[in-house]
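Report on the structure
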Amino acid sequence: MTKRMWGGLFGQEPDAILEAINASIDFDRHLFAQDISGSKAHASMLAKQGIIAADDAKKIARGLDTILSEIKKGKFKFSSALEDIHTHVEARLRDLIGPAAGRLHTARSRNDQVATDLRLYVRDAIDRLDTDIAGLQHALAKKALKHAGVVMPGFTHLQPAQPVTFGHHLLAYVEMLARDRGRLADARKRMNESPLGAAALAGTSFKINRDMTAKTLGFDRPMANSLDAVSSRDFAIETLAAASIAATHLSRFAEEIVIWTSPSFGFVKLSDRFTTGSSIMPQKRNPDAAELVRGKAGRIIGSLVQLLVVLKGLPLAYAKDLQEDKESVFDALDTLSLVVNATAGMVKDLEPDAKRMKALASTGFSTATDLADWLVQRLKIPFREAHEITGKIVAKATKAGVELHEFPLADMQAVDKRINKDVFSVLSVESSVKSRTSFGGTSPVNVRSQAGKWLKKLKK
């Protein structure tokens with residue numbers, strides 16, 4: 001009997017080019033563990049329902065365990081002549097246990113089989129990513145706690161805006177990553193329904209128990225519509241969308257590391273462990289890890305777009321186009337895991353130059369808002385008027401070539417005679433960040449509190 005799962009109708013062998021385009025084993029072999037788990041659950045259910053003999057089910061389970069062991073040990077032989085992982089497993093099972101292997105595919109199609117495998121794979125990947133991202137959050141929160149009082153420039157439009165603390169800046173990414181984990185968790189919850197038992201597209205006449213297989217495989221329930229079960233890949237799209245947003249967050253942070261490590265900024269330093277050199281310029285220290293994190297975001301986003309394009313014109317139910325769903329999913333989720341862990345490594349490795357950051361935070365009139373606030377709080381001047389007064393003082397200080405904390409009181413009083421020497425109490429960058437105690441603000445007290453809360457939460 002041919003080892004092809006569909007050979008009975010055909011009198012000729014497929015053309016070589018058809019075999020080449022049709023084969024998916026080079027990438028769907030990644031599904032081996034999920035495929036075997038699904039097959040074991042299916043065989044157990046068939047025996048429980050009296051559809052196959054209990055003895056055959058035991059042979060199938062033992063054979064599948066042997067195949068799983070062979071693949072894990074690298075002893076399993078893959079061949080492009082057997083187009084996919086499902087065919088490989090069934091063919092090897094036949095070698096191991098004989099005709100009983102042919103009963104495994106009862107009341108099942110490769111359509112519901114691969115849909116089940118991919119859901120299991122994506123679910124497992126989400127669980128791993130959640131652990132990875134939590135590890136990055138921990139690294140960021142720990143670094144934030146250590147440097148809660150280190151002052152740095154805060155930017156809008158990449159122009160000096162107001163002083164912030166380095167710890168506060170790092171905690172912004174902890175918050176972003178928390179939402180990334182939430183999106184992945186939401187995707188996991190929605191996708192946790194079992195396609196197994198939907199068969200090719202219409203269900204089956206066999207008296208199967210889909211609740212049993214769903215429970216065995218850790219799904220919340222079986223999918224309610226057989227057409228939807230075999231053809232839907234929105235769970236993969238949603239996961240890739242969440243992955244793309246996470247990759248975008250990581251890319252933004254990587255861009256900042258690239259900027260911060262440049263001599264023009266000099267905010268942080270990375271060791272030899274996370275930098276590389278130049279083949280021609282001996283002095284170079286390049287932040288390649290950060291640049292690759294930034295670059296690989298495009299790869300992950302591209303995977304999302306690729307899968308959307310594959311699906312956008314597909315009528316129900318299954319079509320071979322859906323074979324193109326796997327490579328993008330595998331690559332994107334593996335790549336995201338890699339860049340998350342690379343970013344965590346950089347966070348642990350980098351050290352801020354507190355002196356340099358404070359010096360630059362003190363330039364660009366970054367405490368101008370503090371001056372305006374002082375006018376409102378101490379002199380009870382309406383904010384719009386205070387804003388105008390401050391603008392005039394900044395203009396004079398710019399012309400004089402000095403920062404606000406260096407600008408003479410007499411020159412300020414020339415703009416508004418109500419200003420007194422107490423104004424200098426708010427014009428240093430230290431006093432600026434210390435004053436930002438509103439919830440979510442940059443004050444060191446806030447940063448220590450938030451970092452501590454995150455570290456406690458992540459420990460759980």
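None of the values given here were measured: they were computed from a predicted structure.

**Remarks on the pairing of strand S1 (residues 151-156)**
Pairing between S1 and strand S2 (residues 159-165): five bridges, direction antiparallel. The residue of S2 that forms the bridge with Met152 is Val164. Taking the residues between adjacent antiparallel strands as the criterion, S1 and S2 are bridged by two residues, where His157 takes a positive phi near 60°.

**Overview of unusual backbone geometry**
For the bond from Leu316 to Ala317, the omega torsion is 10°, close enough to zero to count as cis. Inspection of the secondary structure puts Ala317 in the loop between helix H11 (288-311) and helix H12 (326-349). With a phi close to 60°, His157 is a non-glycine residue in the positive phi region. Of note, His157 is situated in the loop between S1 and S2. Phi is positive for Lys380, close to 60°, though the residue is something other than glycine. Considering the arrangement of structural elements, one finds Lys380 in the loop between helix H14 (368-379) and helix H15 (383-400).

**A closer look at the packing of aromatic side chains**
Remark: the centre distance and the inter-plane angle together describe each pair of aromatic rings, the angle taken between the planes. Inspection of the entire model under this criterion finds seven aromatic pairs. Plain terms: the ring middles of Tyr173 and Phe253 are 4.8 Å apart, the flat faces sit at 50° to each other, and that makes the pair tilted. Of this pair, Tyr173 sits in helix H7 (residues 166-191) while Phe253 sits in helix H10 (residues 234-261), placing them 80 residues apart in sequence. Of the two residues, Tyr173 and Phe253, both sit in the buried class. Of the aromatic side chains, those joined through ring pairs into one cluster are Phe166, Tyr173, Phe253 and Trp260. Between the NZ or CZ atom of Arg29 and the centre of the ring of Phe78, over which it lies, the distance is 4.2 Å. Sitting over the ring of Phe219, Arg123 keeps its end group 5.0 Å from the ring centre.

**Brief notes about the packing of H7 against H10**
Where H7 contacts H10, the two axes come as close as 8 Å, and the packing angle between them is 170°. When the interaxial angle is binned, H7 and H10 end up roughly antiparallel. Seen along the crossing, H7 lies across H10 with a hand that is left-handed. Among the residues forming the contact of H7 with H10, the class breakdown is 15 nonpolar, three polar and seven charged.

Conventions adopted
- Residues numbered from 1 in each chain as written.
- Predicted model: local features only at pLDDT ≥ 70, side-chain atom pairs only at ≥ 80, totals over all residues.
- Heavy atoms only, no water.
- Pairing = 2+ DSSP bridges.
- Helix = DSSP H or I, 4+ residues; strand = E, 2+ residues; numbered from the N terminus.
- Phe/Tyr/Trp six-rings, centres within 6.5 Å; stacked < 30°, edge-to-face > 60°.
- Buried < 20%, exposed > 50% of the residue type's maximum accessible area, 1.4 Å probe, protein only.
- Lys NZ or Arg CZ within 6 Å of the ring centre and 35° of its normal.
- Axes fitted to C-alpha atoms, helices over the stretch in contact; angles between N-to-C directions.
- Parallel < 35°, antiparallel > 145°, perpendicular 65-115°, else oblique.
- Left-handed = near helix turned anticlockwise from the far one by under 90°.
- Nonpolar A, V, L, I, M, F, W, Y, C, P; charged D, E, K, R; others polar.

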